[in-house]
Amino acid sequence: MKQNLTGKVAYVSGAAAGIGAAIARSFAAEGASVLLGDVQEARGEALAAQIRDQGGKAAFIHHDVADEPQWERALARAVAQFGGLDILVNNAGIEQTGLLADVELADINRLLAVNVAGVILGHKHAIRAMRPGGSAGKGGSIINLSSVAGLIGTPALGVYSASKGAVRLLSKAAAVECGRLGYGIRVNSIHPGLVDTDMGSKLVDDFVGLGVFADRETALRQMRETYPIGRTGIPGDIANAALFLASEQSSWITGTEIVVDGGMTIS
Ligand code: NAD
């Protein structure tokens, strides 16, 4: 099914690598103008240049999602450079493994600043721009990267799980608020299982380090076995779900959660 995003403007946070990079590529391939935000400047600039070389419309901005003035600057740039804002993907996130009995307050605060406050701030500034009378003013679609960790419990992922559970319910609250206020803004969450990215790879290493698995090979084999489809994810699996939620094909879908996990959470 073709998900045409021609004429749409998208902002993707954490777009320099992994899932965010795949989303930025696929949105641009479907005709959207994409502003990529990330704290990794060299990788982000290189990806935006690559998308442009392939005929897409893309630019990069340095943006730490935990910083509110940087949100204002990033979304204003999308509107100024590409003439609007139709899609926000709150993708930037960090992971943290460890037992709850050992957790440090500074680490909790940093994780929540990025994974929760960063996403809330994204809503604040995107809603202001997208709602009627805003600088973009045509409504839109907000897509939030939660996780299967926002749905089920996983040992040694307590703080991360708390953040992803928060993103799940934030998405529903935002969907109802924006719907009832007549903003024309839909809000949905995506819940990936293990995806092969820098974060996914670090998670596997962390589990081995914590003694959950004997070694990396065993970890990957045992994890694969928990996925009925027989494999873990690739960034493109998640980009396809984001593409659907960004497009008009999902125009009557808001406040829902799309679980993209090869069936892991239902087995
Ligand atoms: P990744 O670590 O591979 O890439 C994340 C990107 O976000 C990086 O480019 C990083 O520089 C950027 N980033 C980190 N902190 C930032 C900040 N403060 N401001 C702006 N950018 C920042 O991660 P990924 O696997 O691509 O994950 C993307 C999203 O999907 C995250 O929200 C993650 O929690 C979620 N997720 C990932 C998996 C997985 O297995 N990989 C599973 C479920 C959910």
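Residues numbered from 1 in each chain as written. Predicted model: local features only at pLDDT ≥ 70, side-chain atom pairs only at ≥ 80, totals over all residues. Heavy atoms only, no water.

1. Topic: the packing of aromatic side chains
All told, the structure shown has 2 aromatic pairs when counted by the stated rule. Relative to W71, the ring of Y11 has its centre 5.9 Å away and its plane inclined at 65 degrees; by these criteria the two rings are edge-to-face. Linking Y11 in strand β1 (residues 9-13) with W71 in helix α3 (residues 68-82), this pair joins segments that are 60 residues apart in sequence. According to the relative accessible area criterion, W71 is buried, its value standing at 0%. (Phe/Tyr/Trp six-rings, centres within 6.5 Å; stacked < 30°, edge-to-face > 60°. Helix = DSSP H or I, 4+ residues; strand = E, 2+ residues; numbered from the N terminus. Buried < 20%, exposed > 50% of the residue type's maximum accessible area, 1.4 Å probe, protein only.)

2. Structural notes on the domain arrangement of the protein chain
Domain annotation of the protein chain identifies domain 1 (9-193 + 236-259) and domain 2 (194-232). The gap between the C-alpha centroids of domain 1 and domain 2 is 25 Å. Taken together, the contact between domain 1 and domain 2 spans 18 residues of the former and 12 residues of the latter. Interface area, domain 1 with domain 2, both sides summed: about 1100 Å², of which 65% is carbon and sulfur. When the buried area of domain 1 at its contact with domain 2 is split by residue, E95, T97 and G193 rank highest and sum to 44% of it. (Domains from an automatic or database assignment. Contact = heavy atoms within 4.5 Å. Buried area = accessible area lost by both parts, 1.4 Å probe.)

3. Notes on the pairing of β1
Most of β1 is tucked away, with 5 of its 5 residues classed as buried. Covered by surrounding structure in β1 are V9, Y11 and S13 together with A10 and V12, the residues of both alternating faces. The pairing of β1 with strand β2 (residues 33-38) spans 5 bridges and is classified as parallel. If you follow Y11 over to β2, its bridge partner there is L35. Regarding topology, helix α1 (residues 18-29) serves as the crossover connection from β1 to the parallel β2, and that connection is right-handed. (Pairing = 2+ DSSP bridges. Right-handed = clockwise from strand over helix to strand, strands pointing away.)

4. What about the sheet that holds strand β7 (residues 257-260)?
One open sheet holds the 7 strands; their spatial order is β3-β2-β1-β4-β5-β6-β7, and the pairing between them is parallel. Of all the strands in the sheet, just β3 (57-62) and β7 have a single pairing partner and so form its edges. Averaged over all pairs of adjacent strands, the angle between strand axes in this sheet comes to 15 degrees, irrespective of strand direction. One ladder, built from 4 bridges, connects strand β4 (residues 87-90) with strand β5 (residues 140-145); its direction is parallel. Its bridge partner lying in β5, N90 is registered against N144. (Axes fitted to C-alpha atoms, helices over the stretch in contact; angles between N-to-C directions.)

5. Brief notes about the environment of G184
Within the fold, G184 resides in the loop between α5 (158-180) and β6 (185-192). Judged by its relative accessible area of 53%, G184 is exposed. On a C-alpha basis, the gap between G184 and K138 in space is 7.3 Å, while along the polypeptide they are 46 residues apart. With residues near it in sequence (within four places) discarded, G184 still touches G139, G140 and C178.

6. Description of the site of the ligand
Around the ligand there are 30 residues in total, and D38, N91, Y160, V195 and T197 lie nearest to it. Within the complex, 94% of the 830 Å² of free accessible area of the ligand lies under protein. At the level of secondary structure, the elements contributing two or more residues to the shell around the ligand comprise α1, α4 (105-130), α5 and α6 (198-209). If you tally residues by element for the shell around the ligand, the top one is α6, at 3 residues. Its residues placed into classes, the shell around the ligand shows 14 nonpolar, 11 polar and 5 charged. (Near = heavy atom within 4 Å. Areas by Shrake-Rupley, 256 points an atom, 1.4 Å probe, with all protein chains shown as cover. Nonpolar A, V, L, I, M, F, W, Y, C, P; charged D, E, K, R; others polar.)

7. Description of the pattern of salt bridges
Opposite charge on two side chains allows them to pair when their charged atoms are near. One pass over the full model with this rule turns up 10 salt bridges. Residues R110 and D64 are paired through a salt bridge, measuring 3.8 Å at the closest nitrogen-oxygen approach. Remark: D64 occurs in the loop between β3 and α3 and R110 occurs in helix α4; sequence separation between them is 46 residues. Taken together, the salt bridges that share partners define one network made up of E95, K202 and D206. (Salt bridge = Lys/Arg side-chain N within 4 Å of Asp/Glu carboxyl O.)

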